[in-house]
Amino acid sequence: CAANNATVATSSTAIVITPGGNDTLDLQLLVTAPGSVEVDVSLPNNDPRLGGFYDVRLRGIAALFPDIDLSLADGTMLPNGSTQSLGQVEAGSLVNVDYVLQNLGGGPLNFTLTPAAQPRNQINVSAEVLRAPPSPLEALESATFRMALTPIEAGPFSEELVIQSDDPEEGA
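Computed from a predicted model, the values in this text were never measured in an experiment. (Residues numbered from 1 in each chain as written. Predicted model: local features only at pLDDT ≥ 70, side-chain atom pairs only at ≥ 80, totals over all residues. Heavy atoms only, no water.)

Observations concerning the layout of surface pockets
For clarity, the cut-off: Cavities and pockets are defined on a 1 Å grid built over the protein atoms alone: a cavity is a set of grid points where a 1.4 Å probe fits but cannot escape, while a pocket is an open set with protein on both sides within 12 Å along at least five of seven lines, and lining residues are those with an atom within 4 Å of any such point. Grid points are joined across faces, edges and corners, and a volume is the space filled by probe spheres set on the points. Each helix is a run of DSSP H or I of at least 4 residues and each strand a run of E of at least 2, with the numbering of both proceeding from the N terminus. Residue classes follow a fixed rule: Ala, Val, Leu, Ile, Met, Phe, Trp, Tyr, Cys and Pro count as nonpolar, while Asp, Glu, Lys and Arg count as charged, and any other residue, Gly among them, counts as polar.
Here the largest pocket is characterised by a volume of approximately 800 Å³. Lining the largest pocket are 28 residues, with Leu70, Gly81, Ser82, Thr83 and Leu161 sitting closest to its centre. Mapped by element, the contributors of at least two residues to the lining of the largest pocket are strand S6 (68-72), strand S7 (95-103) and strand S11 (158-163). If you tally residues by element for the lining of the largest pocket, the top one is S11, at 6 residues. Per-class residue counts for the lining of the largest pocket are 13 nonpolar, 10 polar and 5 charged.

Some points on the nonpolar core
To keep things clear, this is the line we draw: Buried Ala, Val, Leu, Ile, Met, Phe, Trp, Tyr and Cys residues form a nonpolar core when they are joined through side-chain atoms within 4.5 Å. Here the term buried applies to any residue with accessible area under 20% of the maximum for its type, exposed to any over 50%, and partly exposed to those in between, with areas from a 1.4 Å probe on protein chains only.
One finds Leu70, Tyr99, Leu101, Phe145 and Ile163 to be the most contacted residues of the largest nonpolar core, which totals 20 residues. Mapped by element, the contributors of at least two residues to this core are S6, S7, strand S9 (125-130) and strand S10 (142-151). Judged by nonpolar contacts, the second largest core, of 5 residues, contains Ala6, Val37, Val41 and Ala62.

Description of the side chain of Asp167
Formally: Pairing of N or O atoms within 3.5 Å defines a polar contact, subject to two protein rules: one partner must be a possible hydrogen donor and the other a possible acceptor, and residues neighboring in sequence count only if both atoms are side-chain atoms. Pairs of residues are marked as contacts when any of their non-hydrogen atoms sit within 4.5 Å.
Position of Asp167 among the secondary structure elements: in the segment after S11. Reaching out from Asp167, the side chain makes a polar contact with the backbone nitrogen of Glu169 at a distance of 2.8 Å. Setting aside residues no more than four positions away along its own chain, Asp167 makes contact with Pro66, Asp67, Ile68 and Leu109.

Written as structure tokens, this is what we have:
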């Protein structure tokens, strides 16, 4: 395989296809740059009509998209929509939670809010985002930010952290 703006991998090895049979060739295409992408696939074979090779050209336009990822500073992953328990916290006591926001994608990750992260739906808690992450985060870049939480009264408390972005799969 030869490729322009991409790398190609396949797990297939030499195979024998019986008359009238077929098999599957899986190609993994990793786009390395935005723009025009071409991949030439040449399959050696013993069909005399094809001159020993069956050639296919794959063409497309590649765009590099951002991919948002959030975890705790200790590495615990927080998938979209997840819940994080802080355990028992004394009313009036400040709790700081450190998060790592990552862009695992190939394009810049832009935030649509200022600050980039805002708490909402607060129940029995005062919450504030400290050191909001910068916007944009470039490809494979990460930033740490802190959420300060103070339960107001004894009893359950909660808040919702929403990070709005231009990740096409996650959004907010």
